[in-house]
Amino acid sequence: MTDLLTERQQLSYIAAKAADARLNVELETEGMTLNIGPQHPATHGTLRIIVRLDGEQVVWAEPSCGYMHRGYEKLSEVRTYPQVTTLVNRIDWLGSFANEVPFILAAERLMEVEAPPRAQWIRTILFELSRIANVTLFLGDLGVQLGAVTPVFFAFRDREHVLNLIESVTGGRFHPNFDRIGGLKDDLPKGFIDECRLGMRKIRNFCDEIEDLLIGNEIFQARTRGVGIIPREVALQYGLSGPNIRASGVDWDLRRDQVLPMAWDKVDWRVWTHPDGDSFARCWVRLQETREATKIVDQLLDGLPSGPIMAKVPRIIKVPAGEAWVSTENPLGEMGYYVVSKGDLGPFRVKIRSASFNNISVVPWVLRGVYVPDIITILASLYFILGDIDR
Amino acid sequence: MMLAVEIPYWGQSLFRVLGGIVAVLIPAGTIVYVFLFKMMSFMQSRLGPMEAGPYGSLQLVAEVGKWLQKEDTAPERADHSIFKLAPLIVLLSTFLLVAAVPFGPDAWITNFQAGVFYALAVSSISVLGILVAGWSSANKYSLLGGLRAAGQLIAYELPLVLATLGVVIQAGSMNMQDIVVAQGTESIFGWDGIGNPYVLTQFVGFLVFMIAVQAELTQPPFDMPIAESELVSGYMTEYSGFRFLIFFIAEFATVGVFSLIASILFLGGWSVPFSWFGWDSLDEVADWMNLAGPLILFTKMMVLSFLIMWVRFSFPRFREDQLQRFAWKFLIPLALANIVITAIFKVAM
Amino acid sequence: MALTPKMPGLIKGLAVTLKTLGRTVTQGPETVQYPHEKETPPIRARGVIALREDNCTVCMLCARSCPDWCIYIEGHKTLAPPRRAGGKPRSVSLLDRFDIDYALCMYCGICVEVCPFDALFWSPEYEYSESRIADLLHDKDKLGEWMETVPEAPELEAGAAKGKK
């Protein structure tokens, strides 16, 4: 265009072209680009997944995360260790005690102090309670994503028992802030052991109910079997962890494979895997893990040692200089903290390896060629928490 | 019913229209309160709405008021005239449907000789309304919902029709009143203690009909068009306020009306077995049956609505290709087999 | 993909919902009709922070350790009479201002834990929402009023070391 257009004319020309392009994209059923999110009932938070559809099949998909980035790693640079412990609760807000543990263990490793046995056992109990709280919500939410409105109410109803237990010990339902370098903040209140046993019985009942209502339902199985198969090699390459990788047949559980000052090696439990790698396998593995977690808690309650819950640490904690990496088997997967300390009151740098960030990296691969309703099934079965992805 | 006063034609028509409106709105309201608010909540270990009125009985009034006072929005690029028309089409089909339902020996709105045929034909009008709603919303999600709805509703029309054919063969007439009377007067193997409700002999047809009704109403497990967690609200996404209220009322009114039709076809409608009172045909039925008939029909409707709602709250949803496969490869052959067997028995006995 | 669903799974699902329906009708729901009935939170529940002004020495440890910096403290030094006759007057710090901004507070409890003089306590009281955010700044009088709601610390479970807090 050699003649000089005014700016206004240029702008209206561009706008008209864009409107045409939009209209073409929308009216044709080929190559329709659909934005799932960031405001959408299906995604567990503000996640945006851009899919390109051909009719009802996905041709290309990409997750676009970062809508919930809160800058934990940067915030940690200007906070002391107790303050970082508080912040870190909020990464995976459903299984919140589990977030504190690897951080505290890393700091304890740098300080070369170990928590007394009673503290280790209680830490493990609370860790498994967080796992139960997290995964029961998954089981309920799974129903909602697939259209069954009732399981989610059962999930919240029975999760209350676990949250009440956590609240009676720590004072907070969702953000316990209970782990301290060297042990725990407080001991268990009277009556906790009996209440906990009762709570575990109720969770086991809930698992049975969910199995009857949802997992054993033929419609559910028709929706999830064979959908979103992630083969073993792909799962290993993409760095999946937690129940997602165990559902693809990989026998990988950090509770058993690592030596940490926690009490998992003191009790008898098994790791659940499933060879299929489809959505049903992921759901099934999580259901079994919840049941296993209740058994772990029962055994821990039986053998709880007595003693102090805090090691001898100075009042004002300055962690010696050094670097430490600790990762644990969190409810969502493998969560790890790389703590770099320069001998101050607070860490110099904390790198958080969160499970959902890696779990969601497999989404472009697994969503190729699936139908639109299956997108939701697969995302629901992968189970990520936005706070965990974005930190 | 013989009245002392001769009502002019316009008066009768007015009664009929009012009766039709009442017959649609009362089941809708009762089903929404008893099943949606209360039964669903009780199945989920909670109490449901309790604040508006005693035990939440006025919740529906509050909801209607809430929707009425909302802003009447429409997307800018929507096709406005069709956008506004779509909910009315869906509600229209419900009102037309209830016109064929007999409530008592003389309490009917119209008494078509081909009542069943009319009812099935008119129930398909709602498909048009849904398609139009999905298209005119200028929203990708609504379009997807509308397309899914079109495929599903058309696919499940066939099992619906085929299931009723078994009843028609057995009763020997398409007139709804005749079907009711046949169930009241016939006997099973010579014993007429409970008449002959077709749910016993047409059990397969009953199941197929109820499943097809669940799909026609886009209720879970067949609610792909409104898959809430994927398409937000499917074809209803862009509707708010009064227009959404019309969709909502239409959905539950249609649940009620289809339950009415199902209870007429399979449970004996407004009749109790005639042998209890010694009547032999329609003419001998007492006049008080015109008052008791609607109540009996209402009770049967509530039983069937309970079944529909119970399944609705318990199951996840089908994917639409599984849904289609289920209809075409399972329900239709089953319904056809049912017709063949019914015909054989009708001729042989 | 199963064409003909096996009945048992579907029927069991229906049975579960029906059973829950029966349980709610006979034994009542699992929910509590707030605000007509209220559940009491556990003793350690972190509802609101209460201040015991007598114990506070304006050491500022709580304000420094708060992750959100939501505690505002101002104090002044004054001379108090000597402890015994003939001694020197002691200088004590008195609070002028002790505000906690509950709009910022994370309810982490670091301030309560870190206070060396037991001037801050947790209370399970949770019904203090306001219609203006500015009213969520509780000054020291209001924080002192919360002291009435602070419960006794619960007894500890068997096996706990005696004498620990």
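Relevant structure appears above.
Each value, and the rule that gives it
- Residues numbered from 1 in each chain as written.
- Chains lettered and ligands numbered in written order.
- Predicted model: local features only at pLDDT ≥ 70, side-chain atom pairs only at ≥ 80, totals over all residues.
- Heavy atoms only, no water.
- Helix = DSSP H or I, 4+ residues; strand = E, 2+ residues; numbered from the N terminus.
- Rg over C-alpha atoms; globule rule 2.2 N^0.38 Å.
- Buried < 20%, exposed > 50% of the residue type's maximum accessible area, 1.4 Å probe, protein only.
- Contact = heavy atoms within 4.5 Å.
- Areas by Shrake-Rupley, 256 points an atom, 1.4 Å probe, with all protein chains shown as cover.
- Lys, Arg positive; Asp, Glu negative; His and termini not counted.
- Charge placed at Lys NZ, Arg CZ, Asp CG, Glu CD.
- Core = buried A, V, L, I, M, F, W, Y, C linked by side-chain atoms within 4.5 Å.
- Buried area = accessible area lost by both parts, 1.4 Å probe.
- Salt bridge = Lys/Arg side-chain N within 4 Å of Asp/Glu carboxyl O.
- Polar contact = N/O pair within 3.5 Å; in protein donor to acceptor, adjacent residues only side chain to side chain.
- Pairing = 2+ DSSP bridges.
- Axes fitted to C-alpha atoms, helices over the stretch in contact; angles between N-to-C directions.
- Parallel < 35°, antiparallel > 145°, perpendicular 65-115°, else oblique.
- Left-handed = near helix turned anticlockwise from the far one by under 90°.
- Patch = residues over 30% accessible without salt bridge, like charges linked within 9 Å, V, L, I, M, F, W, Y side chains within 5 Å.
- 1 Å grid on protein atoms, 1.4 Å probe; cavity = no way out; pocket = protein on both sides within 12 Å on 5 of 7 lines; lining within 4 Å.
- Points joined across faces, edges and corners; volume = space filled by probe spheres on them.
- Nonpolar A, V, L, I, M, F, W, Y, C, P; charged D, E, K, R; others polar.

Colleague: Where do I start with the overall build of chain A in this structure?
Modeller: When helices and strands are counted, chain A shows 16 helices and eight strands. A globule of 391 residues ought to have a C-alpha radius of gyration of about 21 Å, and chain A, at 23 Å, matches this closely. Projected onto its principal axes, the C-alpha positions of chain A cover 85 × 55 × 35 Å. Among the 391 residues that make up chain A, the fraction classed as buried is 62%. Long-range contacts, defined here as pairs at least 24 residues apart, represent 72% of the contacts in chain A between residues at least 6 apart. Summed over all atoms, the accessible surface of chain A reaches about 14,500 Å², with 54% contributed by carbon and sulfur. Across chain A, the centroid of the 44 positively charged side chains sits 5 Å from that of the 50 negatively charged ones.

Colleague: Explain the nonpolar core here, please?
Modeller: One recurring pattern in soluble globular proteins: nonpolar side chains tend to sit buried together. Residues and elements named next belong to chain B. Counting residues in each nonpolar core, the largest one holds 110 residues, and the members touching the most others are Y156, F209 and I261. Tallying contributions element by element places helix α11 (residues 242-266) first for this core, with 17 residues. With sequence-adjacent residues up to four places away left out, Y156 is seen in contact with A212, A215, E216, F222, L323, F326, A327 and L331.

Colleague: What should I look at first to understand the interface of chain B and chain A in this one?
Modeller: Reports of interface size often rely on the accessible area that becomes lost once the parts have come together. Contacts between the two partners involve 28 residues from chain B and, on the opposite side, 35 residues from chain A. Summing both partners gives a buried area of about 2,700 Å² for chain B against chain A, and 59% of it is carried by carbon and sulfur. Between chain B and chain A we count one salt bridge in total. With a shortest N-O distance of 2.9 Å, B:R319 and A:D374 are connected by a salt bridge. The interface formed by chain B and chain A contains six residue pairs in polar contact (both at pLDDT 80 or more).

Colleague: I keep staring at the sheet that holds strand β1 (residues 32-36) of chain A and nothing clicks. Help me out?
Modeller: Hydrogen bonds between backbone groups are what pair the strands of a sheet, and the pairing can be parallel or antiparallel. All names here are of chain A. Strand order across the open sheet formed by three strands is β1-β2-β3, with antiparallel pairing between neighbours. The two strands at the open ends of the sheet, each matched to only one other strand, are β1 and β3 (57-64). Across the sheet, the axes of successive neighbouring strands diverge by a mean angle of 20 degrees, strand direction being ignored. Where β1 and strand β2 (residues 48-54) come together, five bridges link them in antiparallel fashion.

Colleague: Which parts of the structure should I look at to understand the packing of helix α3 (residues 81-88) of chain A against helix α4 (residues 97-111) of chain A?
Modeller: Between two packed helices, the angle of one axis relative to the other and the distance separating the axes together describe the packing. Residues and elements named next belong to chain A. Here α3 crosses α4 at 155 degrees, and the two axes come no closer than 8 Å. In terms of their interaxial angle, α3 and α4 are classed as roughly antiparallel. Crossing hand, α3 versus α4: right-handed. Of the residues in α4, those touching α3 at Y81, V84, T85 and V88 are N99, E100, F103, I104 and A107.

Colleague: What am I meant to see in the environment of B:M302 here?
Modeller: Residue and element names in this part refer to chain B. Examined against the element boundaries, M302 turns out to sit in helix α12 (residues 289-314). We classify M302 as buried; its relative accessible area is 16%. Between the C-alpha atoms of M302 and F318, which are 16 residues apart in sequence, the distance is 26 Å. In this structure M302 touches T30, V34 and F35, once residues within four positions along its chain are discounted.

Colleague: Which parts of the structure should I look at to understand the interface of chain A and chain C?
Modeller: Every contact between the two is made by 43 residues of chain A and, on the other side, 42 residues of chain C. Approximately 3,300 Å² of surface area, both sides summed, lies buried where chain A meets chain C, with 52% of it carried by carbon and sulfur atoms. Three residues stand out in chain A for area buried against chain C, namely A:Q83, A:D212 and A:E218, and they jointly supply 16% of the buried area on that side. There are four salt bridges connecting chain A and chain C. With a closest N to O distance of 2.6 Å, C:E113 and A:R180 form a salt bridge. For the pair chain A and chain C, the number of links is 16 residue pairs in polar contact (both at pLDDT 80 or more). Looking at the side of chain A that touches chain C, the elements that each hand over two or more residues are α3, α6 (151-170), α7 (192-215) and α8 (218-224) of chain A.

Colleague: Looking at this structure, I do not really get unusual backbone geometry. What am I missing?
Modeller: Residues apart from glycine generally show negative phi values, whereas peptide bonds are mostly found in trans. Here the amide bond leading from C:Y34 into C:P35 is cis, since omega sits at 0 degrees, within 30 degrees of zero. Within the secondary structure, C:P35 is located in the loop between α1 (7-27) and β1 (48-51). In the Ramachandran plot, A:E112 falls in the positive-phi region, its phi being about 55 degrees despite a non-glycine side chain. Secondary-structure assignment places A:E112 in the loop between α4 and α5 (117-146). Judged by relative accessible area, which is 74%, A:E112 ranks as exposed.

Colleague: What should I look at first to understand the pattern of salt bridges in this one?
Modeller: Two side chains of opposite charge can pair, provided their charged atoms sit close to one another. All told, the structure shown has 39 salt bridges over all chains when counted by the stated rule. Ionic pairing is found between A:E209 and C:R23, a salt bridge with its closest N-O pair at 3.2 Å. One end of the pair, A:E209, is in helix α7; the other, C:R23, is in helix α1, on a second chain. Residue A:E209 is classed as buried on the basis of its relative accessible area, which comes to 7%.

Colleague: Help me understand the sheet that holds strand β7 (residues 333-341) of chain A in this model?
Modeller: All names here are of chain A. Taken together, three strands build an open sheet; the order of strands is β6-β7-β8 and the sheet is antiparallel. Only two strands of the sheet have a single partner each, and these edge strands are β6 (322-330) and β8 (349-353). For this sheet, the mean angle separating the axes of adjacent strands, direction not counted, is 10 degrees. Where β7 meets β8, five bridges bridge the pair, whose relative direction is antiparallel. Counterpart to G336 in the pairing with β8 is R353. Here α4 sits on the sheet in contact with β6, β7 and β8, set at roughly 150 degrees to β6.

Colleague: Mind showing me how you'd approach a negative patch on the surface here?
Modeller: A contiguous patch of negative charge on the surface is contributed by C:D139, C:D141, C:E145 and C:E148. Along the chain, C:D141 turns up in helix α4 (residues 140-145).

Colleague: Can you help me understand empty space enclosed by the protein in this one?
Modeller: Empty pockets left among the atoms are what a rolling probe the size of a water molecule brings to light. All names here are of chain B. Under the counting rule described, the total for this entry stands at seven cavities of 30 Å³ or more. Within this model, the largest cavity holds a volume of roughly 200 Å³. Taken together, 16 residues form the lining of the largest cavity, with V90, I130, L217, E251 and T254 sitting closest to its centre. Every element with two or more residues in the lining of the largest cavity is listed here: α3 (80-98), α5 (125-136) and α11. For the lining of the largest cavity, the leading source of residues is α11, giving five residues. The class makeup of the residues in the lining of the largest cavity is eight nonpolar, six polar and two charged.

Colleague: What should I look at first to understand the side chain of C:R44 in this one?
Modeller: Along the chain, the position of C:R44 falls in the loop between α1 and β1. No salt bridge is formed by the buried C:R44; its nearest oppositely charged neighbour, A:D186, is found at 4.1 Å. Of note is the side chain of C:R44, whose polar atom sits 2.5 Å from the backbone oxygen of A:V169. Discounting chain neighbours no more than four positions away, the residues touching C:R44 are A:E167, A:S168, A:V169, A:G171, A:F178, A:D186, A:D187, A:L188, A:P189, C:P154 and C:L156.

Colleague: I'm lost on the environment of A:N359 in this one. Help?
Modeller: Residue and element names in this part refer to chain A. As for its placement among the helices and strands, N359 is situated in helix α13 (residues 355-359). By relative accessible area, which is 0% here, N359 ends up buried. As a C-alpha pair, N359 and I125 span 234 residues in sequence and 26 Å in three-dimensional space. Excluding its chain neighbours within four sequence positions, the residues that come into contact with N359 are L240, S241, N244, L332 and L382. A distance of 3.4 Å separates the side chain of N359 from the backbone oxygen of L332, its partner in a polar contact.

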